[in-house]
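As a plain string of letters, each chain reads:
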Number of protein chains: 2
Amino acid sequence: MARQTQGAQNDGRQRVLDFITTYITDNNVPPTIREIQAGAKISSTSMVSYYLKDLEKANLLDRYKRRSRGVVINDPHRLSVRDMLSIPIVGRITCGAGPMPTPDADVLRSAEDRVQIARAMVKEGDDLFALVAQGDSMIDALINDGDIVIMKKDSDVKNGELAAVFLTDKNESTLKRVFKEGRRLKLKPENPTLKPFYVDARHAQIQGRVVCVIRQA
Amino acid sequence: MARQTQGAQNDGRQRVLDFITTYITDNNVPPTIREIQAGAKISSTSMVSYYLKDLEKANLLDRYKRRSRGVVINDPHRLSVRDMLSIPIVGRITCGAGPMPTPDADVLRSAEDRVQIARAMVKEGDDLFALVAQGDSMIDALINDGDIVIMKKDSDVKNGELAAVFLTDKNESTLKRVFKEGRRLKLKPENPTLKPFYVDARHAQIQGRVVCVIRQA
DNA sequence: TTGACAATAGAACGCATGTTCGATTACAAT
DNA sequence: ATTGTAATCGAACATGCGTTCTATTGTCAA
């Protein structure tokens, strides 16, 4: 059974751990020993050090020795800013007439609206931009009005990837799964109830590959 | 025109700013003056201080006086851990027979798989859980096999919200926009090409509201 | 009780780190 | 050249902050 003091000690330990956690999320910086002492109501810095050593042994946190604010929470679920991407929304897609807006450097930088997504959600983090779907014209790609489509700029895609294709003869863009079949492209709607169709590869121009679709309620 | 030295100074300033930015994303902690000095190749700590004062005046960063590592980048695009949510994936939905898995406390805590999304993406951050769509049975909700559906647990929804409804007489769940019309519910597919249908409110049980749908390529 | 040991205090020690300041150099305008 | 100002340097100074050490108390087992 647990000793009486064990309870008190765990209390202190827990308070320290909790304080550090909330302090980091609030301040984006770990606290100092003395800040922990004050915030977690510990009676002395040596007690904080004592608990810290304990928590480190229990693998609940890591420490950088002799470095100021050198304590990090050891939680696999814990997120860091590295895990997030902020992607500029460069325009709208109608999937109707005309090519879709392509992002140049200026637009990317000046973009006010952005989507934040987890880096884990996409394989590659470069050359990404986002578009807002407009209208019902992309139902067959399972994309609804208002959906945010995150794309990677690319002029070529692998077989079976969902991509934006500009059809020069029809002067319109469309989102389909692309399969190269000799001189023609098979364009397969994302909607499995619809049939694929075929176009001449010379009249099709790949604009980018769909990386992620986000629909907010 | 700019002076010759102006260029050199801006170089230093820029190097300092860049170093701080990358240091923070790498270490989750701002650097010390001397770390900046070494990392940005500045010749003395007083020069770092000089640049820092400049950058602060230019509103590119904020500082906490006399605090170790007391420098923060002032970038509205910059994210912090507060901006993110980590949502447990509690199971799969087939939208076929049976109710969909509902999350109890145990499942939530033990969930290994999680989705990270920006807090800005959802209005409320509590009581969220995620499901992975399975099969093609939710095409009329514009949800595809493998999509991640983020839901808020709730037994009631506002008119017009996309919700998971369990139909007791058919013993199956479905995702539809729900409109209360007296004693019956209008269930409208998210797919605008499909017609809504009606059920008796006594045979329908709302399980939660769809907050966000994420499709990865 | 007594011995062993965890828990606690308090303070001092020493390196880490932000700050300051006088001296020096570089450059542009006069 | 001269002068004013920005840029730079080096070093000292003053805290900030982690660490350590000794002494004391509390608790359990024998």
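The structure displayed is predicted, hence computed values, not measured ones.

Whenever I open this one, the relation of the copies chain A and chain B confuses me. Can you help?
In summary, the two copies of the chain are related to each other by a rotation about an axis coupled with a shift along it. Screw-axis analysis of chain A against chain B gives a translation of 0.2 Å along the axis, an RMSD of 0.4 Å, and a rotation angle of 180 degrees. Such a combination of turn and shift is consistent with a two-fold rotation axis. An overlap of 98% is found between the interface residues of chain A and their copies at the interface of chain B, pointing to a shared contact surface.

Teacher, can you tell me more about the interface of chain A and chain B here?
By convention, interface size is frequently given as the accessible area that disappears when the constituent parts associate. Chain A puts 46 residues into the contact, and the matching count from chain B is 45 residues. Taken together, the two surfaces of chain A and chain B that pack against each other cover about 4200 Å², and 55% of this comes from carbon and sulfur. The tally of links between chain A and chain B comes to four salt bridges. For the salt bridge of E35(A) with R67(B), the shortest nitrogen-to-oxygen distance reads 3.6 Å. Of all the elements in the fold, those that place two or more residues in the side of chain A that touches chain B are α1 (4-27), β3 (84-93), β4 (114-118) and β11 (204-216) of chain A. Residue contributions to the side of chain A that touches chain B peak at seven residues, all from β11(A). Residues of the side of chain A that touches chain B, tallied by class, amount to 25 nonpolar, ten polar and eleven charged. In this structure, β11(A) lies alongside strand β11 (residues 204-216) of chain B, joined through five bridges in antiparallel fashion. Across the sheet, residue I214(A) finds its bridge partner in β11(B), namely I214(B).

What exactly am I supposed to notice about the confidence of the model for chain A here?
Close inspection of predicted coordinates is inappropriate in any region flagged by low pLDDT. Residues and elements named next belong to chain A. On average, chain A scores 86 in pLDDT, and the residues at 70 or more come to 88%. Least confident of the elements in chain A is helix α4 (residues 105-110), whose mean pLDDT is 59; most confident is helix α2 (residues 33-39), at 97. In this model residues 1-7 is a low-confidence stretch, pLDDT under 50, and it forms zero contacts with partners more than four residues away in sequence or in other chains.

What should I look at first to understand the packing of aromatic side chains in this one?
The description of two aromatic rings rests on the distance between their centres and on the angle between their planes. All names here are of chain A. Under the criterion given, the structure shown has four aromatic pairs over all chains. Relative to Y23, the ring of F19 has its centre 5.5 Å away and its plane inclined at 50 degrees; by these criteria the two rings are tilted. With F19 and Y23 both in helix α1 and four residues apart, this pair spans about one turn of that helix. Just as F19 is buried, Y23 falls in that class too. Sitting over the ring of Y64, R67 keeps its end group 5.2 Å from the ring centre.

Just checking my understanding: could you explain unusual backbone geometry for this structure?
Most peptide bonds take the trans configuration, and most residues that are not glycine carry a negative phi. Even without being glycine, K41(A) reaches a positive phi, approximately 55 degrees. Take K41(A): it is sitting in the loop between α2 and α3 (45-57). Classification of K41(A) as exposed rests on a relative accessible area of 67%. Even without being glycine, N28(B) reaches a positive phi, approximately 60 degrees. Within the secondary structure layout, N28(B) lies in the loop between α1 (4-27) and α2 (33-39). By relative accessible area, which is 34% here, N28(B) ends up partly exposed.

Cut-offs applied
- Residues numbered from 1 in each chain as written.
- Chains lettered and ligands numbered in written order.
- Predicted model: local features only at pLDDT ≥ 70, side-chain atom pairs only at ≥ 80, totals over all residues.
- Heavy atoms only, no water.
- Least-squares fit on C-alpha atoms with pLDDT ≥ 70 in both.
- Contact = heavy atoms within 4.5 Å.
- Buried area = accessible area lost by both parts, 1.4 Å probe.
- Salt bridge = Lys/Arg side-chain N within 4 Å of Asp/Glu carboxyl O.
- Helix = DSSP H or I, 4+ residues; strand = E, 2+ residues; numbered from the N terminus.
- Nonpolar A, V, L, I, M, F, W, Y, C, P; charged D, E, K, R; others polar.
- Pairing = 2+ DSSP bridges.
- pLDDT = per-residue confidence, 0-100.
- Phe/Tyr/Trp six-rings, centres within 6.5 Å; stacked < 30°, edge-to-face > 60°.
- Buried < 20%, exposed > 50% of the residue type's maximum accessible area, 1.4 Å probe, protein only.
- Lys NZ or Arg CZ within 6 Å of the ring centre and 35° of its normal.

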